[in-house]
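Here's the letter readout for the chains.
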Amino acid sequence: ALREAVPDIPFQMLLRGANAVGYTSYSDNVVYEFCKLAKENGMDVFRVFDSLNYLENMRLGIDAVGEAGGIVEAAVCYTGDGSDPQ
């Protein structure tokens, strides 16, 4: 229904690397299956990140999205005080 209403707009989501969409690490096969199902159900763009910028956790998500045929947008997280010149 939503895809019919906006056929030319890519759907996007955040993927927490090895944590998929949760707050705990999942086994590789769970992340791969989740990405496959998300892509099959209309997700287009997956923004992959890890809260600690641990590249190995990000790599799992990136590989899973790639295998599923999704568009990968890998991201590095940064938290700081933008108004502090130091």
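The text that follows walks through the structure, step by step, so that each part is easy to find. All of these numbers come straight from a predicted model, not from anything done at the bench. (Residues numbered from 1 in each chain as written. Predicted model: local features only at pLDDT ≥ 70, side-chain atom pairs only at ≥ 80, totals over all residues. Heavy atoms only, no water.)

1. Observations regarding the overall build of the protein
Consideration 1: A tally of regular secondary structure across the protein gives three helices and three strands.
Consideration 2: Each helix (α) and strand (β) of the protein, taken in turn from the N terminus, gives the series α-β-α-β-α-β.
Consideration 3: Across its three principal axes, the protein shows a C-alpha extent of roughly 50 × 30 × 20 Å.
Consideration 4: Considering only contacts in the protein between residues 6 or more positions apart, those separated by 24 or more positions represent 62%.
Consideration 5: Taken as a whole, the protein presents about 5,900 Å² of accessible surface, with 54% of it coming from carbon and sulfur. (Helix = DSSP H or I, 4+ residues; strand = E, 2+ residues; numbered from the N terminus. Contact = heavy atoms within 4.5 Å. Areas by Shrake-Rupley, 256 points an atom, 1.4 Å probe, with all protein chains shown as cover.)

2. Regarding the packing of aromatic side chains
Consideration 1: In this structure the tally under the stated criterion is zero aromatic pairs.
Consideration 2: Geometry around Phe 11 places Arg 3 over its ring, the cationic atom sitting 4.0 Å from the centre. (Phe/Tyr/Trp six-rings, centres within 6.5 Å; stacked < 30°, edge-to-face > 60°. Lys NZ or Arg CZ within 6 Å of the ring centre and 35° of its normal.)

3. What about the pairing of strand 3 (residues 71-74)?
On any regular strand, side chains alternate: one points to one face of the sheet, the next to the other face.
Consideration 1: Of the strand pairs in this sheet, strand 2 (residues 45-48) and strand 3 are connected by four bridges, and their pairing is parallel. Looking at strand 3, one finds that Val 45 is bridged to Ile 71.
Consideration 2: Once you follow strand 2 into helix 3 (residues 55-68) and on to strand 3, the crossover reads as right-handed. (Pairing = 2+ DSSP bridges. Right-handed = clockwise from strand over helix to strand, strands pointing away.)

4. Topic: the pattern of salt bridges
Consideration 1: With the rule as written, the count across this model stands at six salt bridges.
Consideration 2: The residue Asp 44 makes a salt bridge to Arg 3 at a minimum N-O spacing of 2.7 Å. In this pair, Asp 44 sits in the loop between helix 2 (28-40) and strand 2 while Arg 3 sits in helix 1 (residues 2-5), placing the two residues 41 residues apart along the sequence.
Consideration 3: The exposure class of Arg 3 is partly exposed, given its relative accessible area of 29%. (Salt bridge = Lys/Arg side-chain N within 4 Å of Asp/Glu carboxyl O. Buried < 20%, exposed > 50% of the residue type's maximum accessible area, 1.4 Å probe, protein only.)

5. A closer look at the nonpolar core
Consideration 1: By size, the foremost hydrophobic cluster in this structure holds 14 residues, and its most contacted members are Met 13, Leu 15, Val 31, Cys 35, Met 43, Phe 46 and Val 65.
Consideration 2: Those elements that place two or more of their residues in this core are strand 1 (12-15), helix 2, strand 2 and helix 3.
Consideration 3: In this view, Val 31 contacts Gly 17, Ala 18, Ala 20, Tyr 26, Leu 60, Gly 61 and Ala 64; residues no more than four positions away in its chain are not counted. (Core = buried A, V, L, I, M, F, W, Y, C linked by side-chain atoms within 4.5 Å.)

6. Comments concerning the side chain of Asp 50
Consideration 1: Position of Asp 50 among the secondary structure elements: in the loop between strand 2 and helix 3.
Consideration 2: The side chain of Asp 50 sits in the buried core without any salt bridge; Arg 16 is the nearest counter-charge, 8.3 Å away.
Consideration 3: In terms of polar contacts, Asp 50 uses its side chain to reach the backbone amide nitrogen of Tyr 54, at 3.0 Å.
Consideration 4: When near neighbours in sequence (up to four residues on either side) are disregarded, Asp 50 contacts Asn 57, Met 58 and Cys 77. (Lys, Arg positive; Asp, Glu negative; His and termini not counted. Polar contact = N/O pair within 3.5 Å; in protein donor to acceptor, adjacent residues only side chain to side chain.)

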